[in-house]
There are 2 protein chains.
Amino acid sequence: MKRQESLLSKTPDHISTPPLPQELLDLRKQIDRLDSQLLEVLAQRNHVVSRVAGVKKKHQIPIRDRERETSILQDRKSTCQTLGLSDSVVENVYRVLLTASRERQADLGTEVPDNLSQRTVAVIGGHGGMGKLFANLFESVGQEVLLADLDTTLTPTEAASRADAVLISVPMRATVEVIRKIGPSCRKDGLLFDVTSTKVEPVEEMIQNSCCDVIGTHPMFGPSVNTLQEQRVVLVHGRLRENSPWPNWLSRCLKARGMLILESDAEEHDRSMGIVQVLTHLSTQVLGLAMARLGVPITQTMRFASPVYLMGLIMTARHFCQSSELYGAIHMSNPNQPEVARAFSQSLTDWLESVKNKDQEEFDRLFTEAHNFFGDFSDQALTQSTHLIDRLVERG
Amino acid sequence: MKRQESLLSKTPDHISTPPLPQELLDLRKQIDRLDSQLLEVLAQRNHVVSRVAGVKKKHQIPIRDRERETSILQDRKSTCQTLGLSDSVVENVYRVLLTASRERQADLGTEVPDNLSQRTVAVIGGHGGMGKLFANLFESVGQEVLLADLDTTLTPTEAASRADAVLISVPMRATVEVIRKIGPSCRKDGLLFDVTSTKVEPVEEMIQNSCCDVIGTHPMFGPSVNTLQEQRVVLVHGRLRENSPWPNWLSRCLKARGMLILESDAEEHDRSMGIVQVLTHLSTQVLGLAMARLGVPITQTMRFASPVYLMGLIMTARHFCQSSELYGAIHMSNPNQPEVARAFSQSLTDWLESVKNKDQEEFDRLFTEAHNFFGDFSDQALTQSTHLIDRLVERG
């Protein structure tokens with residue numbers, strides 16, 4: 001692995017330093033001893049968390065208890081005041097510990113129900129990023145998984161005919177073709193589901209080309225996430241038999257790993273993705289391409305980086321590490337893309353016009369138009385963004 | 001203060017829950033006891049850090065010691081493996097503790113040199129956000145501060161004539177006017193400096209309208225930051241007498257609070273700000289206005305939020321909480337704005353053309369053009385952005 005370098009700050013020159021005074025070295029030894037105690041306490045805490053996981057599993061109690069988390073945060077913060085510690089330090093430490101505690105409980109299968117029926121799941125495209133992620137997920141909750149991909153001896157059609165549930169996890173442009181090919185092989189009492197970023201067309205195609213139950217699925221995250229906890233998955237009920245067991249089975253599998261389930265209809269989903277994906281991707285893509293064309297080297301702008309600029313820069317660079325094919329398909333297949341493109345273009349024209357005319361009044365009017373849209377959300381956004389900026393500066 | 005709400009996730013319904021089993025309550029009591037120990041150790045650690053501050057001050061040792069930080073991180077991570085704790089949890093906890101330790105040392109004046117000469121600093125615009133921030137900063141390092149603003153009995157001109165160093169911290173559009181008014185009152189052996197976001201014009205004006213030393217200053221952060229540590233300040237040497245004491249005095253004042261000093265010339269600064277400020281602000285402004293005009297309520301898109309979308313949303317909403325006047329002035333006064341606007345517009349046209357023509361090949365070409373620009377930076381960006389996403393999910 002590459003040595004991880006600091007982004008925000010680097011000592012400009014190496015200056016040879018005199019040896020440190022003994023009294024400083026002694027204090028550092030005291031800190032080392034205190035840190036040993038601290039890690040020992042954390043390890044004991046971790047051990048108790050494992051036992052909590054066992055009790056919760058036995059009594060079918062969910063991993064996350066927001067009331068308990070809030071009361072821990074409040075209590076630890078009030079204790080820290082009497083101890084002369086800063087509020088925000090204790091809060092930040094406990095945010096890390098609470099998340100780690102939930103992650104540990106999820107790893108121990110706390111929310112995997114004992115009575116979850118075991119099904120055979122065929123993952124078509126099982127060698128791709130999302131395919132692997134879902135294959136691991138279903139295995140971790142006790143399901144049997146069949147992988148089929150371009151390079152497996154098991155063909156997609158065979159896998160589909162042998163499975164109870166069939167997941168389509170292939171590149172977006174291939175989705176319809178694969179659905180048409182394997183849909184007819186799905187069992188009548190089975191489930192056909194997908195992970196495509198749009199929902200109207202794939203759900204329609206799955207219904208047309210199979211006789212089984214159909215659920216459109218859109219995981220709102222990519223394969224590189226560190227945790228599945230709190231990650232959202234949109235479920236669109238396509239076609240379901242009366243008393244179909246599938247919605248419940250799928251929800252329980254996903255919730256067992258801490259994911260959040262959101263039900264929606266296909267149209268509402270695609271409309272929202274016009275903003276969540278099409279608009280925000282377009283904005284990032286235009287920014288990245290303009291940076292490339294202006295050609296000021298990153299090393300130069302980094303010298304002058306504010307934390308907000310650095311954050312924009314790393315999120316933009318991250319975008320261009322992902323799949324161009326996926327991003328192209330998201331634009332080209334979303335029915336709301338033309339409307340989004342028009343709004344973005346007109347907004348650009350209006351801003352540039354006000355700047356060109358040095359018309360501060362018009363600039364203020366546009367600024368207020370956007371400010372008002374965010375409304376009450378702004379307060380939360382300020383708190384959360386300041387927190388993120390602090391975490392970024394912390395890594396400097 | 002408003003109750004802070006969770007952004008990413010909210011329990012959809014309040015379900016009345018059965019009482020918790022006694023064995024869970026007992027385990028929670030164990031966790032509470034361990035947490036008391038943990039906070040006690042943190043308080044002791046904090047106390048030792050205060051003593052470290054005293055020793056460092058006595059021996060003039062800088063607060064930050066990157067070697068020591070790296071060795072602490074490595075050592076604690078290797079210990080945690082034998083204790084069955086996860087690497088990343090321990091790293092995240094220690095990032096918080098190391099930053100807190102530096103902050104505490106800075107609060108205790110560790111890097112405030114005993115031999116820093118005491119000067120009188122007039123802060124013109126001392127009631128504004130940045131004015132207050134710099135007034136506090138100079139006071140905290142033992143300087144005498146005079147505040148002048150529109151509503152003070154002390155006029156800016158009087159303040160300037162009574163001070164050794166005069167800081168212009170007024171709205172951007174008023175900067176030139178204020179410089180012309182108070183410049184002639186500055187003492188010949190004094191310093192005139194500013195905090196404007198461009199540097200060519202204000203530095204030129206300060207030189208033209210005074211006889212004293214001139215340093216252009218651009219703090220790369222706003223008044224709402226939680227810490228000054230690792231924040232960057234650009235210094236542009238405008239006019240300096242031979243053996244001028246001012247560059248050294250100013251650097252030492254700023255470094256005493258942990259800030260990073262960057263020297264630049266005015267032209268290089270303004271060129272870089274074409275990217276760091278003009279381009280990234282434009283991108284955020286267009287995105288925010290387009291969101292407002294498309295009018296899909298935030299509550300609706302938040303239901304479907306991925307962490308990346310949420311991050312973009314909070315950073316955009318944050319932007320529109322800042323000063324429209326400042327942002328307008330940054331665009332209208334930067335000499336590189338027209339070039340930036342052209343690059344952004346052309347990039348938008350090219351992306352939209354490829355999408356409209358459903359030309360995936362052309363889309364890939366544009367994508368690669370941007371991807372290649374980020375080059376080696378992408379690896380760091382992926383690591384850092386994943387870290388930020390984790391921290392955001394943690395608050396869910």
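Residues numbered from 1 in each chain as written. Chains lettered and ligands numbered in written order. Predicted model: local features only at pLDDT ≥ 70, side-chain atom pairs only at ≥ 80, totals over all residues. Heavy atoms only, no water.

Positioned with a positive phi, Asn243(A) is a non-glycine residue whose angle comes to about 55°. Checked against the element boundaries, Asn243(A) lands in the loop between β6 (232–239) and α8 (246–255). (Helix = DSSP H or I, 4+ residues; strand = E, 2+ residues; numbered from the N terminus.)

Right, let's talk about the interface of chain B and chain A for a bit. Opposite the 169 residues of chain B that make contact, chain A presents 171 residues. Both faces combined, the contact of chain B with chain A buries some 16900 Å², and carbon together with sulfur accounts for 68% of it. The largest contributions to the chain B side of the interface with chain A come from Phe304(B), Met332(B) and Arg395(B), which together make up 5% of the buried area. Taken together, chain B and chain A are joined by 18 salt bridges. (Contact = heavy atoms within 4.5 Å. Buried area = accessible area lost by both parts, 1.4 Å probe. Salt bridge = Lys/Arg side-chain N within 4 Å of Asp/Glu carboxyl O.)

Quick look at the relation of the copies chain B and chain A now. Overlaying chain B on chain A yields an RMSD of 0.1 Å, the required transformation being a rotation through 180° with an accompanying axial translation of 0.0 Å. The transformation just described matches what one would write down for a two-fold rotation axis. No C-alpha of chain B approaches the rotation axis more nearly than that of Val93(B), which lies at 2.8 Å. Counting the interface residues of chain B, we find that 100% of their copies in chain A are interface residues as well, pointing to one common contact surface. (Least-squares fit on C-alpha atoms with pLDDT ≥ 70 in both.)

What follows deals with the sheet that holds strand β5 (residues 213–219) of chain B. Residues and elements named next belong to chain B. Reading across the sheet, the seven strands line up as β2-β1-β3-β4-β5-β6-β7 and stay open at both edges, with mixed pairing between neighbours. Each having just a single partner strand, β2 (144–148) and β7 (260–263) make up the two edges of the open sheet. If you compare each strand with its neighbour and ignore which way they point, the axes differ by 25° on average. Sheet analysis places strand β6 (residues 232–239) next to β7, joined by four bridges and oriented parallel. Among the inter-strand pairings, Leu 235 is bridged to a residue of β7, identified as Glu 263. With respect to the sheet, helix α7 (residues 200–208) is in contact with β4 (191–194), β5 and β6, its orientation differing from that of β5 by roughly 155°. (Pairing = 2+ DSSP bridges. Axes fitted to C-alpha atoms, helices over the stretch in contact; angles between N-to-C directions.)

The subject of this paragraph is the packing of aromatic side chains. All names here are of chain B. Counted by the stated rule, this structure contains 21 aromatic pairs over all chains. Between the aromatic rings of Phe 138 and Trp 249, the centroid separation amounts to 5.5 Å while the plane-to-plane angle is 5°, which identifies the pairing as stacked. Here Trp 249 lies in helix α8 (residues 246–255) and Phe 138 lies in helix α4 (residues 129–140), a separation of 111 residues in the sequence. Taken as a pair, Phe 138 and Trp 249 share a single burial class, namely buried. (Phe/Tyr/Trp six-rings, centres within 6.5 Å; stacked < 30°, edge-to-face > 60°. Buried < 20%, exposed > 50% of the residue type's maximum accessible area, 1.4 Å probe, protein only.)

As a further point, take the domain arrangement of chain A. Residues and elements named next belong to chain A. Its domain assignment divides chain A into domain 1 (23–107), domain 2 (120–264) and domain 3 (269–394). A C-alpha centroid distance of 32 Å is found between domain 2 and domain 3. The interface is formed by 12 residues belonging to domain 2 together with 12 residues belonging to domain 3. Surface buried jointly by domain 2 and domain 3 totals about 950 Å² across both partners, of which 56% is contributed by carbon and sulfur atoms. Together, Met 172, Ser 197 and Thr 198 form the three largest contributors to the area buried by domain 2 at its contact with domain 3, with a combined 43%. Taken together, the connections running from domain 2 to domain 3 amount to one salt bridge. Its salt-bridge partner being Arg 173, residue Glu 325 comes within 2.9 Å of it at the nearest N-O pair. Between domain 2 and domain 3 we count four residue pairs in polar contact (both at pLDDT 80 or more) in total. (Domains from an automatic or database assignment. Polar contact = N/O pair within 3.5 Å; in protein donor to acceptor, adjacent residues only side chain to side chain.)

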